[in-house]
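A look at the structure
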Amino acid sequence: MPLSSLRTVAKPQNGVGAFILQCKSLTFHYCDWAGSSRGMNAFIRSSLPSFAKRNPSIEISVSPRPNQHPVIIANYINGRQKAICVRNLTNEGVREKAELLRDNSGEKNKRVTKPVTSLNESVRGIWSPLHGARVRI
């Protein structure tokens, strides 16, 4: 009698099997003349090629924007767009902001009211230092 195996199909969840970055594209706007774009210009010349090699799934475009402050604009797969002004930042500061936009999910920032979010509430209740047998006040 031949044995038949059960076919299991995994639910598609981000992070299980393969991770998909939520950031679809990054656009770097800069000005050649303005002093506030010094850090952005240094980033574009020195760090942007290595940043692009490390992130092949992100479309990267660079465009001049005369007489304006430098801006990084990120487009996400959920359709949202986020922009960060990077005026007067250094090369490292621009890199940190680009990584922040790359790692972001594209969702609006939410206020966290509880430190832990769970589908099941605790059966035992909230712990207090006053619980226990040897508590003296």
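Refer to the structure presented above.
Residues numbered from 1 in each chain as written. Predicted model: local features only at pLDDT ≥ 70, side-chain atom pairs only at ≥ 80, totals over all residues. Heavy atoms only, no water.

Time to look at the pairing of strand 1 (residues 23-30). Across the eight residues that make up strand 1, a large majority, seven, are buried. Note: strand 1 against strand 3 (residues 71-76), six bridges, orientation antiparallel. Residue pairing in the sheet places Phe28 in a bridge with Ile72 of strand 3. Alignment of strand 1 against strand 2 (residues 59-64), held across six bridges, turns out to be parallel. Its bridge partner lying in strand 2, Ser25 is registered against Glu59. Handedness of the crossover joining strand 1 and strand 2 through helix 1 (residues 38-54) is recorded here as right-handed. (Buried < 20%, exposed > 50% of the residue type's maximum accessible area, 1.4 Å probe, protein only. Helix = DSSP H or I, 4+ residues; strand = E, 2+ residues; numbered from the N terminus. Pairing = 2+ DSSP bridges. Right-handed = clockwise from strand over helix to strand, strands pointing away.)

Turning next to the pattern of salt bridges. According to the stated counting rule, one finds four salt bridges in the structure shown. Ionic pairing is found between Glu92 and Arg95, a salt bridge with its closest N-O pair at 2.7 Å. Of this pair, Glu92 and Arg95 both sit in helix 2 (residues 91-103), three residues apart, roughly one helical turn. As a salt-bridge pair, Asp103 and Arg102 come within 2.8 Å of each other at their nearest N and O atoms. Exposure remark for Asp103: the relative accessible area of 53% places this residue in the exposed category. (Salt bridge = Lys/Arg side-chain N within 4 Å of Asp/Glu carboxyl O.)

Ranked by size, the top nonpolar core spans 18 residues in total, and within it Leu26, Phe28, Met40, Phe43, Ile72 and Leu101 carry the most contacts. Breaking this core down by element, the ones donating at least two residues are strand 1, helix 1, strand 3 and helix 2. Examining the composition of this core, we find that five residues originate from one element, helix 1, more than from any other. Excluding its chain neighbours within four sequence positions, the residues that come into contact with Leu101 are Cys23, Leu26, Ile72, Ala74, Tyr76, Lys82 and Ile84. (Core = buried A, V, L, I, M, F, W, Y, C linked by side-chain atoms within 4.5 Å. Contact = heavy atoms within 4.5 Å.)

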